[in-house]
Amino acid sequence: MQSRLASPPTTSIADALRGDFPALAQRINGHPLVYFDNAATTQKPRAVLDAMRRHYEEDNANVHRGVHTLGNRATAAYEGARDRAAAFLNAPAREEIIFTRGTTESLNLVATAWGAAHLKPGDAIVLTEMEHHSNLVPWQLLARRTGAVLRFIPVLGDEGRLDLTGLDALLRGARLLAFTHISNALGTVNPVAELCERARAAGIVTVVDAAQSAGHMPLDVRAMGCDFLACSGHKACGPTGIGVLYGRRELLEAMPPYQGGGEMITRVTFEGAEYQAPPHKFEAGTPNIAGAVGLRAALDYLGQVGLPAIHAQIQDVTAYARERLSEFRGIRIFGPREGARGGLVSVVLPGVHALDLATLADQQGVAIRVGHHCTQPLHDRLGVPATARASFSFYNTRAEVDRFVTVLERVIRMLKGSP
Ligand code: PLP
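Conventions used here
- Residues numbered from 1 in each chain as written.
- Predicted model: local features only at pLDDT ≥ 70, side-chain atom pairs only at ≥ 80, totals over all residues.
- Heavy atoms only, no water.
- Phe/Tyr/Trp six-rings, centres within 6.5 Å; stacked < 30°, edge-to-face > 60°.
- Helix = DSSP H or I, 4+ residues; strand = E, 2+ residues; numbered from the N terminus.
- Buried < 20%, exposed > 50% of the residue type's maximum accessible area, 1.4 Å probe, protein only.
- 1 Å grid on protein atoms, 1.4 Å probe; cavity = no way out; pocket = protein on both sides within 12 Å on 5 of 7 lines; lining within 4 Å.
- Points joined across faces, edges and corners; volume = space filled by probe spheres on them.
- Nonpolar A, V, L, I, M, F, W, Y, C, P; charged D, E, K, R; others polar.
- Contact = heavy atoms within 4.5 Å.
- Core = buried A, V, L, I, M, F, W, Y, C linked by side-chain atoms within 4.5 Å.
- Near = heavy atom within 4 Å.
- Polar contact = N/O pair within 3.5 Å; in protein donor to acceptor, adjacent residues only side chain to side chain.
- Areas by Shrake-Rupley, 256 points an atom, 1.4 Å probe, with all protein chains shown as cover.

What follows covers the packing of aromatic side chains. Aromatic ring pairs are defined here through the distance separating the ring centres and the angle between the ring planes. Following the criterion strictly, the structure yields eight aromatic pairs and no others. When the ring of Phe36 is compared with that of Phe392, the centres are 4.8 Å apart and the planes differ by 80°; the resulting orientation is edge-to-face. One end of the pair, Phe36, is in the loop between β3 (34-35) and α2 (46-59); the other, Phe392, is in the loop between β19 (387-391) and α14 (398-416), with 356 residues separating them in the sequence. Residue class for Phe36 comes out buried when judged on its relative accessible area of 0%. Here Phe392 falls in the buried class, since its relative accessible area comes to 1%. Through pairs of rings, three or more aromatic residues link up here, namely Phe21, Tyr301, Phe394 and Tyr395.

What the rule picks out here adds up to three cavities of 30 Å³ or more. A volume near 80 Å³ is recorded for the largest cavity. Ala85, Phe88, Leu89, Ala214, Cys231, Ser232, Gly233, Ala236, Gly243, Val244, Leu295 and Leu299 together form the lining of the largest cavity. For the lining of the largest cavity, the elements supplying multiple residues, two or more each, are α3 (69-89), β11 (228-232), β12 (243-247) and α10 (289-305). Here the lining of the largest cavity is composed, by residue class, of nine nonpolar, three polar and no charged.

Moving on: the environment of Ala199. With respect to the element layout, Ala199 can be found in helix α7 (residues 192-201). For Ala199, a relative accessible area of 0% corresponds to the buried category. When sequence neighbours within four positions are dropped, the list of residues in contact with Ala199 reads Leu171, Leu177, Ile204 and Thr206.

Formed by 77 residues in total, the largest nonpolar core has its most connected members in Leu89, Leu177, Leu229 and Phe394. Ranked by the residues each element gives to this core, the list is headed by α10, at 11 residues. If near-sequence neighbours (up to four positions away) are discounted, Leu177 is found in contact with Val126, Ile153, Leu171, Leu195, Ala199, Ile204, Val205, Thr206 and Val207. Core analysis: the next-biggest nonpolar cluster, separate from the first, contains 29 residues, Val34, Phe328, Ile331 and Val345 among them.

Let us now look at the site of the ligand. Around the ligand, a shell composed of 13 residues is seen, among which Thr104, Asp209, Ser232, His234 and Lys235 lie nearest. Between the ligand and His132 there is a distance of 3.4 Å, counted from an oxygen atom to a side-chain nitrogen or oxygen. In this structure, an oxygen atom belonging to the ligand sits 2.6 Å away from a side-chain N or O atom of Ser232. Contact with the protein chains removes 86% of the 390 Å² of surface that the ligand exposes when unbound. Tallied by class, residues from the shell around the ligand come to two nonpolar, nine polar and two charged.

So far we have only geometry, and geometry alone does not tell us how the molecule works.
In structure tokens, the structure reads:
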């Protein structure tokens, strides 16, 4: 079938940059790797691997305490990463950037520290039906601890847009609104600025889960107008074990600590402790210094490539994948049909078990993810136990989508037993 989409430029940024990612050059089961599991984690460019290796070989020491040269270098690198993350999110101040293990820990930090200080029985927390378990379970735990209640913004059909018609009623009397920027299961891009503005007008604190948008498009916490934003380094070409929580300064200053330990205090007696100002108040213990170094290298790399160009490439490959997949008879495709969408396509093929599909695809070098993608309540709502998800980064190409489609055709023939 002839593609309705405009032809891609003769050489895309993907062709130009794939060589920067050593993992992409390998063969899996005798086939060139097609890595379509980027929503789970992205591959790492050599610049990130080199920066981390150099850190351990030359600058390794603990931070914020050394009077020696290595300690000073490590501290400068760690705090330099904080400056870089602040610029990446256009945060008004570097003190508003807290390093965490990732999106999950960032969200737990807010739920624990902000929640404990602000919620009382009967207070409402508003979420959406499309949240990743990371942006659901911490609020369930908080609700259980405080007696607060959860309310959910509904998701409309397989296209997966939020039904905002009842938003005013849902927000009435609520204390906090937490929602994902881009759904990891549907690819829906939620209207962040509008949601934050409506919450702010009602005096409600906002938390944005940017796990799937960080590194995919330019992010600007001022333009979004959010109070908190959480993201993971490993989904943006950085290492695992490092993430960011952005928090508005006044809120961070008023919050109690998340964990206790070294680094987060100014003075300790047997009876009690005085705490540092943010961000250190929220970073107890030795942090992931090499992770921060790797994250900085990743953000520099993404900045050099250019986030608008990255976004355009992901949009192109995603639209192309959606169009090619629609050729399969009876396929059920989730997520927005038109307009902006995150870099993924989730599908159910009639008569084909998603796990069989992924296993056989892997035998032919194609890595996709199947399951509920940590959005089990959403899958319950959609009435499917599992979907097969192909998710893209800017190093993926239309040619890889074509290979994926060929592999799918072959797999379907095998599973249905036709020649
Ligand atoms: N939120 C969304 C939308 C995600 O897609 C993910 C990971 O897939 C997370 C949160 C959790 O991220 P992490 O496992 O890096 O903490």
